[in-house]
Amino acid sequence: MSEIASLLDAAERSRQLVWSDIHLDCLPGKIVLRANTTKSKRADSLPIHPQLAEELRSWKASDAVPSDKIVSTIPRMNVLRADLALAKIPYMDAEGRYIDFYSLRV
């Protein structure tokens, strides 16, 4: 299992991200943010890492509808660190790079 799959399996989430926000049929895949769900109240589009896009494709249930939530919460950093530990993924790699949510973007 890849590190991203392990993280997705280990983490508990709650947010308003639904399958219609995720566009996996383009390169790179992207998340389209709805203005009413962002802190800045601005719609935007964020590219996602190809490995994350692939994991999301395989994770999506065959009967999922566009309005289904993808995850139930987005953890704070202390929760993310605990999830990484549970998934046996180091918070910092051998090169001194840290994992955070921005790491999942292209």
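Data block above holds the structure.
Because the structure is a prediction, the values reported are computed rather than measured. All residue numbers refer to position in the chain's written sequence, counted from 1. In view of the model being predicted, local features appear only for residues whose pLDDT reaches at least 70, and side-chain atom pairs are presented and counted only at 80 or more, with totals across whole chains, interfaces and linings using the full set of residues. Water and hydrogen atoms play no part in the side-chain values, which are based on all heavy atoms of the structure.

Here we look at the sheet that holds strand β2 (residues 30-33)
Paired strands are those between which DSSP finds at least two bridges. Strands here mean DSSP runs of E at least two residues long; helices mean DSSP runs of H or I at least four residues long; both are numbered from the N terminus. Ordered in space as β1-β2-β3, the three strands form an open sheet in which the pairing is antiparallel. With partners counted over all chains shown, the strands left at the sheet margins are β1 (22-23) and β3 (44-47), one partner each. The pairing of β2 with β3 spans four bridges and is antiparallel. In the sheet register, Val 32 faces β3, and the bridge partner there is Ser 45.

Digging into the packing of aromatic side chains
For Phe, Tyr and Trp, rings pair up if their centres lie within 6.5 Å, where Trp contributes its six-membered ring, and each pair is then called stacked (planes under 30 degrees apart), edge-to-face (over 60) or tilted (otherwise). Counting across every chain of the model gives one aromatic pair. Consider the ring centre and the ring normal. A charge sits over the ring if Lys NZ or Arg CZ is within 6 Å of that centre and within 35 degrees of that normal. The lysine or arginine in question, Arg 81, covers the ring of Tyr 91, its NZ or CZ lying 4.6 Å from the ring centre.

A word on the pairing of β2
Regular strands place their side chains on alternate faces of the sheet. Two elements, β1 and β2, share two bridges in a ladder whose sense is antiparallel. Bridge pairing in β2 places His 23 opposite Lys 30. Hairpin remark: β1 followed by β2, antiparallel, with six residues in the connecting loop.

Remarks on the nonpolar core
Grouped together as the largest cluster of nonpolar side chains are eleven residues: Leu 17, Trp 19, Ile 22, Leu 24, Ile 31, Ile 48, Leu 52, Ala 53, Leu 56, Ile 70 and Val 71. Per-element accounting of this core gives the leading share, three residues, to helix α2 (residues 50-59). In this view, Trp 19 contacts Leu 56, Lys 60, Ala 64, Val 65, Pro 66, Asp 68, Lys 69 and Ile 70; residues no more than four positions away in its chain are not counted. Throughout, nonpolar core names a set of buried Ala, Val, Leu, Ile, Met, Phe, Trp, Tyr and Cys residues whose side chains join them through atoms within 4.5 Å. Each residue's exposure class comes from its accessible area (1.4 Å probe, protein chains only) as a fraction of the maximum for that residue type: buried when under 20%, exposed when over 50%, partly exposed otherwise. Contact criterion: two residues are considered in contact whenever any of their non-hydrogen atoms come within 4.5 Å of each other.

A look at the environment of Asp 21
Tracing the chain through its elements places Asp 21 in the loop between α1 (3-10) and β1. Among all residues touching Asp 21, those that are not within four sequence positions of it are Gln 16, Lys 30, Ile 31, Val 32 and Arg 34. Pairing of N or O atoms within 3.5 Å defines a polar contact, subject to two protein rules: one partner must be a possible hydrogen donor and the other a possible acceptor, and residues neighboring in sequence count only if both atoms are side-chain atoms. Of the polar contacts made by the side chain of Asp 21, one reaches the side chain of Arg 34; its length is 2.8 Å.

What to know about the pattern of salt bridges
The rule for a salt bridge is simple: a side-chain nitrogen of Lys or Arg has to be within 4 Å of a carboxyl oxygen of Asp or Glu. In this structure the tally under the stated criterion is five salt bridges. Put simply, Asp 44 and Arg 42 hold a salt bridge, and the shortest N to O gap is 3.6 Å. Given the relative accessible area of 33%, Asp 44 is considered partly exposed. A salt bridge links Arg 97 to Glu 95; its shortest N-O distance comes to 3.7 Å. With relative accessibility at 62%, the residue Glu 95 sits in the exposed group. When salt bridges with common partners are traced through the structure, they connect Asp 93, Glu 95 and Arg 97 into a single cluster.

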